Protein chains: 2
Amino acid sequence: MDRKVEQTAETRRDPRRGRTRRALLDAALELVEKKDNFTALSLRLVARKAGVVPTAFYRHFPDMDALGLALVDESFRTLRQLMRDVRAAGVPHKQAINSSVQTYIRYVRTNTRHFQFVAKERFSGSQSIRNAIRQEIRLFTSELATDLSRIPLLAKTSAEDLQMMASLMVNNMTSLTEQVLDIPAEDVAEELFLARMAEKQLRLIFLGAASWRSK
Amino acid sequence: MDRKVEQTAETRRDPRRGRTRRALLDAALELVEKKDNFTALSLRLVARKAGVVPTAFYRHFPDMDALGLALVDESFRTLRQLMRDVRAAGVPHKQAINSSVQTYIRYVRTNTRHFQFVAKERFSGSQSIRNAIRQEIRLFTSELATDLSRIPLLAKTSAEDLQMMASLMVNNMTSLTEQVLDIPAEDVAEELFLARMAEKQLRLIFLGAASWRSK
DNA sequence: CCATCATGTCAACACCTGTACACAAAATAA
DNA sequence: TTATTTTGTGTACAGGTGTTGACATGATGG
């Protein structure tokens, strides 16, 4: 029932609505790659790329900011999906770190445009978009913290320290993401290098976490 | 002699050159705070804010991109100054971590606009500006790596691993920077909290680094 | 079928943009 | 002083921008 209502609200009764809405979102994503910024995009440009007249834009979004927020939503929805998959595969043991990093990199590669959008707008977007992204990352970090609390080694760690470790890892992950996005997709050698570095960094963090309780 | 040449090239022979050039740079910095972006600024807007007519802009910069590059230069010049000061104070011992973090935070606070500019343009700026910033950060990371190599505990660590540790710390520092910039200057409680977290994270990294060689 | 309503189109508006060109002012060099 | 160079001004143009309002189209529900 809930799903039906949602779907109705999404596509209404006109199949065109879904299509042009999607076309606008895709056009924006594509243009963010070419132009430097989402903020640098204009309503008219996006509409043109989507193959509709500027005024048609307003049938789907009140302004560009709303489109941006929709993209933030979309981006993190896919990221959460990845998290769910990883969680289903079990807690990351020492051995699993490497394969996790590589899985993640592949994921970033297949969703380049969404990740690029988030990376770019995280600090330079409009106030509301920045807030939305920050909120999502905070949530993400908290979820990771509770995941960490389930690791036997960290069972006794305080909530604040778990949060601290989680943010350390998220920092590392975002940095990895941005580095991956900055190299061409063909440069597999550099990509492997980045992966090895990230793996080492994660292991170092785990090492530090292991000897943390003594403090 | 070198200084004289540089100064001549900077200010030429007209004192006004220096002044309006500075006015343009300052206007851009100020507008980046208000607007979301450097890319979002227009030549005319900057000129207006600087109190000159649009065409006067061209007497100092060929285009906005050149102004942006000048700002990148300026920003990292001040950051390098800080590094020099810290280095002069000696290698950071365990005890010195806390005071270093607090010193750094104070530094970020007194140079808010420059740091904000860099944070925003790092990923969303024009191609050339992004490259310039990335280059500077790489240089910064390398310098930190050689600093680390001088710590007795890490004397035997490989160059690649030192680089890995350095980038881990730089990541943490940039993240701290961006978090500090995102809270109002009056919120000292939150600022202290961020400081404590960053200190813990640095200590954890050092702990991990200490038990790294066993690998 | 017809009436309704969501969606898309067209034309127009007032405004802002980057840049070119000719000219004025001001500082320097002789 | 006078001549020269640098810096700032004013005007103008072609083009892009967000947003309005009136109108066309096509699918949906009765």
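Look up: the structure comes first, before these words.
Below or above, wherever it landed, is the structure these notes cover. (Residues numbered from 1 in each chain as written. Chains lettered and ligands numbered in written order. Predicted model: local features only at pLDDT ≥ 70, side-chain atom pairs only at ≥ 80, totals over all residues. Heavy atoms only, no water.)

**Details of the relation of the copies chain B and chain A**
In step 1: For the pair chain B and chain A, the relating rotation is 180°, the translation along its axis is 0.0 Å, and the fit reaches an RMSD of 0.0 Å. Both copies of the chain, as the preceding transformation shows, are related through a two-fold rotation axis. For chain B, the minimum C-alpha distance to the rotation axis belongs to Gly208 of chain B and amounts to 1.8 Å. (Least-squares fit on C-alpha atoms with pLDDT ≥ 70 in both.)

**Points about the interface of chain B and chain A**
In step 1: Taken together, the 38 residues of chain B in the interface contact 38 residues of chain A.
In step 2: Of the roughly 3,500 Å² buried at the junction of chain B and chain A (both faces included), carbon and sulfur atoms supply 57%.
In step 3: The three residues of chain B that bury the most area against chain A are Phe123, Glu160 and Leu204 of chain B, which together make up 18% of that side's buried surface.
In step 4: Viewed at the interface, chain A and chain B are joined by 8 salt bridges.
In step 5: Between Arg134 of chain B and Asp182 of chain A there is a salt bridge, and its shortest N-O distance comes to 3.6 Å.
In step 6: At the surface where chain B touches chain A, the tally comes to 18 residue pairs in polar contact (both at pLDDT 80 or more). (Contact = heavy atoms within 4.5 Å. Buried area = accessible area lost by both parts, 1.4 Å probe. Salt bridge = Lys/Arg side-chain N within 4 Å of Asp/Glu carboxyl O. Polar contact = N/O pair within 3.5 Å; in protein donor to acceptor, adjacent residues only side chain to side chain.)

**Re the packing of aromatic side chains**
In step 1: Within the structure shown, the criterion is met by 10 aromatic pairs over all chains.
In step 2: For the pair Tyr104 of chain B and Phe115 of chain B, a centre-to-centre distance of 6.2 Å together with 85° between the ring planes defines the contact as edge-to-face. Here Tyr104 of chain B is found in helix 5 (residues 96-110), whereas its partner Phe115 of chain B is found in helix 6 (residues 112-124), with 11 residues between them in sequence. Here the two residues Tyr104 of chain B and Phe115 of chain B agree in accessibility, since each one is buried.
In step 3: For Phe115 of chain B, a relative accessible area of 11% translates into the label buried.
In step 4: By way of ring pairs, the aromatic residues Phe57, Tyr58 and Phe61 of chain A are connected into one cluster. (Phe/Tyr/Trp six-rings, centres within 6.5 Å; stacked < 30°, edge-to-face > 60°. Helix = DSSP H or I, 4+ residues; strand = E, 2+ residues; numbered from the N terminus. Buried < 20%, exposed > 50% of the residue type's maximum accessible area, 1.4 Å probe, protein only.)

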